[in-house]
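These are the residues of each chain, in order.
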Amino acid sequence: MQYLDTRETQVAIKRLKDYFEKNLAEKLNLTRVSAPLFVKPETGLNDNLNGVEKPVSFLMKNYDEKVEIVQSLAKWKRIALKWYDFKEGEGLYTDMDAIRPNEILDETHSIYVDQWDWEKVISKDERTEKYLQNIVEDIYSVFKETEEYVNSFYPFLSTKLPEKITFITTQELENMYPDKSSQEREYLICKEKKAVFLTKIGKILNSGKPHDGRAPDYDDWELNGDILFWNPTLEAVLELSSMGIRVDKDSLLKQLKLANCEERLKLKYHSKLVNDELPYTVGGGIGQSRICMYFLEKKHIGEVQASVWTDDIIEECKKKDIFLL
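Residues numbered from 1 in each chain as written. Predicted model: local features only at pLDDT ≥ 70, side-chain atom pairs only at ≥ 80, totals over all residues. Heavy atoms only, no water.

If you look the chain up in an unreviewed UniProt entry, it shows as Aspartate--ammonia ligase from Anaerosalibacter bizertensis. UniProt, in its Catalytic activity (unreviewed entry) section for the chain, records the words "L-aspartate + NH4(+) + ATP = L-asparagine + AMP + diphosphate + H(+)". (UniProt positions renumbered as here; feature names shortened; annotations may be inferred.)

Visitor: What exactly am I supposed to notice about the packing of aromatic side chains here?
Guide: To describe a pair of aromatic rings, you give the distance between the ring centres and the angle between the ring planes. Enumeration according to the criterion identifies 15 aromatic pairs in this entry. Their ring planes at 90 degrees and their centres at 5.6 Å tell us that Phe 38 and Phe 58 sit as a pair that is edge-to-face. Linking Phe 38 in strand 2 (residues 38–39) with Phe 58 in strand 3 (residues 57–60), this pair joins segments that are 20 residues apart in sequence. Residue Phe 58 is classed as partly exposed on the basis of its relative accessible area of 35%. Geometrically, the ring pair formed by Phe 167 and Phe 197 is edge-to-face, given 5.8 Å between the ring centres and 70 degrees between the ring planes. Of the two residues, Phe 167 is situated in strand 7 (residues 166–169) and Phe 197 in strand 8 (residues 195–199); the sequence distance between them amounts to 30 residues. Judged by its relative accessible area of 27%, Phe 167 is partly exposed. Assessed through its relative accessible area of 0%, Phe 197 is described here as buried. Put simply, the rings of Phe 20, Trp 116, Tyr 140, Phe 143, Phe 229, Tyr 294 and Phe 295 pair up and form one aromatic cluster. Lying over the aromatic face of Phe 153, Arg 15 brings its terminal NZ or CZ to 3.9 Å of the ring centre. Over the aromatic face of Tyr 294 sits the side chain of Lys 160, whose NZ or CZ is 5.4 Å from the ring centroid. (Phe/Tyr/Trp six-rings, centres within 6.5 Å; stacked < 30°, edge-to-face > 60°. Helix = DSSP H or I, 4+ residues; strand = E, 2+ residues; numbered from the N terminus. Buried < 20%, exposed > 50% of the residue type's maximum accessible area, 1.4 Å probe, protein only. Lys NZ or Arg CZ within 6 Å of the ring centre and 35° of its normal.)

Now the structure itself:
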């Protein structure tokens, strides 16, 4: 069986990332911008992810001010669109590097996160499921084109993506597999369909529980979702993107109340939203290392990114002949 050695992998990573980034920007009309590595906590700009993760923080010694390393740029991007005077139909993207110390390390999870964060200005009328579906289909076409491009250089790599991506809501998925856990449901639908956009994440389902946690103050839980691929290399589900149409004033107030997080309304970002000072947007993050891992058929994310691993993980990878960068 032919495979990419370590040096060839480095070349392939650059080739793959450059192609995907360029095509994503063209497809969604995005301009690349610079982004912060850390923000002040009182701004409310940091991403709370599922609402329980704690960001890495430190004190600027000479100024006695605390800052936090970003967990993602979900809120910052929306502010930036206003700062830079982007218009409807225009958007931005950036390389986002983050540290998530609460991650449980495994084949697809690292404490280092590298992704393309993107955000686009839309009209109020475009805050619909149909518009979200169109955006997902545009992004999926970039995945398809990237697979074809990468495989043209390395023909021993397989074609893994189906012609179209399947759309399904979390409630529909629960109805299909009522006795299964959320992870088991994702496994079953992805193994069957190979590429899935799972929508409406964060809201309470008929079972009385959400499919998964989602912070209440960036995605609208009725208009969001995850892009999930079946990864035949690992025989597992691989989440490539979390995205959605962002909250407006009404959905923000509703979701903060449901999550018992109404104290966030005192933060600058949330105040701007309530006062209608920010544009309507859609956006998300796309995992760079996970894309490389998927298309280059690697068994561990540490084969395509340099991070820190425990001794037992390193030893286990050696036994499996997996070279961690």
